[in-house]
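Below, each chain spelled out in residue letters.
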Amino acid sequence: MDFNTYMPVRVITGKNCIPENSALLAAFGASCLIITGRHSAKSCGALADVTAALEKESIRYSIFDEIAPNPLLSTCYKAGKAAKEAGADFIIAIGGGSVLDAAKAAAIYATNDFFDMEDIYQKSFSEKPLPLVVIGTTAGTGSEVSKVAVITNDATMQKQSLNCDECYAALALGDPQYTYNTPRDITVSTALDAFAHALEGWFSKKRNTVAEVFAIHCMRPIFEILRHLAAGEELTPAQRDQMYYCSLYAGMVLSVGTLYPHLLGYTLTDRCGVPHGQACAVFDMHLIEWNEKYAPELAQTFFKLVGADAGEVLTVMDKLINIDENISFSKEEIETYSRSWTDNNPKFTLVHGNFTGKDAVALFAKLFSE
């Protein structure tokens, strides 16, 4: 198995890591744009810590707080324009995966002029993006350490991935304390998302030594937390610490990409507003069953690693998915969404067995056809 990896993000974690490492921010310049959502960065205390650190280092800053869940490409473009107009030397992103992903795109827009904002998906940039510092406030996406940004294309209103080395942050500061007051629904969704990253990487044909090591390290702890959540329990600070670090480990597994549960899950989020973690988990349950048939040794090792048999894993996931049973798609809608589900899509070709676009359509129709 190959030992190939490239992860240029400097990662510093631990409680109070922002005030203790404020001097690192000064190396990026004298002015920055802080990109956040409306509320979470303030309520968890991260914004106050960041602004105090910037003031300590005499770094000027302005704030762009318009990032919503499942951010639009146009909002990312607007944030990039704000960074340019403010003369920002770098960007600090504070929030969950949506904010961090949006900031990755904004950092590119801040230094590059495109004929059309959708041209960013072509991944051809004349200038390097602004340096990006990321501070996660949820435990799930692993966006702090990945080169992926998932942005909703305004033209199609569908999620589309921007996957390139330019999306790597320069610095990630990870303080798990910012996740302590995360609402239960977000906690569940982000934990399912982290589990999806680990298990999809585990079952990918592209899995390498690095992805395997991180998957092995995080799958059981994440599943233990999913067990607690499925039982209706609240997480302790120690469990939230563990979940945050495991989300970073699962983010490292993202180096090999995700499989069809993410692709099909985007449709549930785009069309029905199903939270990303639950949307992926719906199809991850099928991925587990698929690999029991087509990669049985990998499946059995997976169950040993999580410390549960297939029945328990699927039961726990099913309890946590909890989406509207009335969600349905017409035959025409499924056909429209499936036009991009071609047989040569890596989300299919990297699955063990011969999983095709036709299989994806059949699965989606089985679960959600009218």
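Just above sits the structure.
The rules behind these values
Numbers given for residues are sequential positions, taken from 1 along each chain in its written order. Since the coordinates come from a predicted model, pLDDT governs what is reported: local features require at least 70, and pairs of side-chain atoms require 80 or more to be given and counted, while whole-chain, interface and lining totals use all residues. As a convention, hydrogens and water are excluded, and side-chain values are obtained from all of the structure's heavy atoms. Helix and strand labels come from DSSP, where a helix needs a run of H or I of at least four residues and a strand needs a run of E of at least two; each type is numbered from the N terminus. Working definition: with a 1.4 Å probe on protein chains only, accessible area under 20% of the residue-type maximum means buried, over 50% means exposed, and in between means partly exposed. In what follows, a contact means two residues having at least one pair of non-hydrogen atoms within 4.5 Å. For every accessible area listed, the method is Shrake-Rupley and the probe measures 1.4 Å; residues are considered covered only by the protein chains on display. The convention is simple: Lys and Arg are positive, Asp and Glu are negative, and His and the chain ends are not counted. Here a salt bridge means any side-chain nitrogen of Lys or Arg lying within 4 Å of a carboxyl oxygen belonging to Asp or Glu. Residues adjacent in sequence count toward polar contacts only when both atoms are side-chain atoms; beyond that, a polar contact is any pair of N or O atoms within 3.5 Å, and within protein one must be able to donate a hydrogen and the other to accept it. Aromatic pairing here means that ring centres of Phe, Tyr or Trp (its six-membered ring) are within 6.5 Å. Orientation follows from the plane angle: under 30 degrees is stacked, over 60 is edge-to-face, and everything else is tilted. Expected helix span is taken as 1.5 Å per residue step, with the number of steps being one fewer than the number of residues. Put simply, buried Ala, Val, Leu, Ile, Met, Phe, Trp, Tyr and Cys residues joined by side-chain atoms within 4.5 Å make one nonpolar core. Lines are fitted to the C-alpha atoms to define the axes, a helix being fitted only along its stretch in contact, and any angle between axes, read from their N-to-C directions, falls within 0 to 180 degrees. Helix crossings fall into two classes, left-handed where the near helix is turned counterclockwise from the far one by less than a right angle and right-handed where it is turned clockwise. Ten residues, namely Ala, Val, Leu, Ile, Met, Phe, Trp, Tyr, Cys and Pro, are considered nonpolar, four, namely Asp, Glu, Lys and Arg, are considered charged, and the remaining ones, Gly among them, are considered polar.

(A) Inspection of the overall build of the protein chain at higher detail. In terms of regular secondary structure, the protein chain is built from 16 helices and 8 strands. By principal-axis analysis of the C-alpha atoms, the protein chain measures approximately 60 × 45 × 45 Å. In the protein chain, buried positions account for 55% of the 370 residues. Within the protein chain, residue pairs in contact and separated by at least 24 positions form 79% of the contacts whose partners lie at least 6 positions apart. By element, 49% of the accessible surface of the protein chain is carried by carbon and sulfur atoms, the whole surface being about 15700 Å².

(B) Structural context of the side chain of Lys-159. Turning to its location among the elements, Lys-159 is positioned in strand β7 (residues 158-163). Asp-270 is the oppositely charged side chain nearest to the buried, salt-bridge-free Lys-159, at an N-O distance of 5.6 Å. Among the polar contacts listed, one links the side chain of Lys-159 to the side chain of Asn-70, at a separation of 3.0 Å. Filtering out sequence-adjacent residues up to four positions away, Lys-159 remains in contact with Asn-70, Val-150, Ile-151, Thr-152, Tyr-266, Thr-269, Asp-270 and His-276.

(C) Representation of the packing of aromatic side chains. One pass over the structure, following the stated rule, counts 22 aromatic pairs. Pairing Phe-329 with Phe-368 gives two aromatic rings, centres 6.3 Å apart and planes at 70 degrees, and the pair type is edge-to-face. Of this pair, Phe-329 sits in the loop between α13 (310-321) and α14 (331-337) while Phe-368 sits in helix α16 (residues 357-368), and the two are 39 residues apart along the sequence. Residue classification places Phe-368 among the buried positions, given a relative accessible area of 6%. Pairwise contacts between aromatic rings join Phe-283, Phe-329, Tyr-337, Trp-341, Phe-364 and Phe-368 into one cluster.

(D) Layout of helix α9 (residues 237-253). With 17 residues, α9 should reach 24 Å at 1.5 Å per residue; the first-to-last C-alpha distance of 25 Å fits that figure. Of all 17 residues in α9, 12 are buried, a share of seventy percent or more. Regarding α9, the residues found buried are Gln-239, Arg-240, Asp-241, Met-243, Tyr-244, Cys-246, Ser-247, Leu-248, Ala-250, Gly-251, Met-252 and Val-253. Elements that come into contact with the buried residues of α9 comprise β1 (10-13), β5 (132-136), β8 (171-174), α7 (184-202) and α8 (209-230).

(E) Molecular detail of the nonpolar core. Residues Leu-268 and Phe-302 are the most contacted members of the largest nonpolar core, which totals 70 residues. Examining the composition of this core, we find that 9 residues originate from one element, α8, more than from any other. Those residues in contact with Phe-302, other than ones at most four positions away along the chain, are Phe-195, Leu-199, Trp-202, Phe-203, Met-219, Ile-288 and Val-313.

(F) The environment of Lys-42, seen in detail. In this fold, Lys-42 is placed in helix α3 (residues 40-43). Using a relative accessible area of 55% as the deciding quantity, one classes Lys-42 as exposed. In this structure the C-alpha to C-alpha distance between Lys-42 and Met-243, which are 201 residues apart in sequence, comes to 21 Å.

(G) Seen up close, the pattern of salt bridges. This structure, assessed with the given rule, holds 9 salt bridges. Lys-78 serves as the salt-bridge partner of Glu-66, at 2.8 Å between the closest nitrogen and oxygen. Here Glu-66, found in the loop between β3 (60-64) and α5 (73-85), pairs with Lys-78, found in helix α5; they are 12 residues apart in sequence, far enough to count as distant. The class of Glu-66 is partly exposed, set by a relative accessible area of 31%.

(H) Just the packing of helix α10 (residues 260-272) against helix α11 (residues 276-294), in detail. Packing of α10 against α11 brings their axes to within 8 Å, and their N-to-C directions diverge by 145 degrees. Between α10 and α11 lies a crossing whose hand is right-handed. Contacts between α10 and α11 involve Tyr-260, Pro-261, His-262, Leu-264, Gly-265, Tyr-266, Leu-268 and Thr-269 from the first element and His-276, Ala-279, Cys-280, Val-282, Phe-283, Asp-284, His-286, Leu-287 and Trp-290 from the second. Residues of the contact of α10 with α11, tallied by class, amount to 11 nonpolar, 5 polar and 1 charged.

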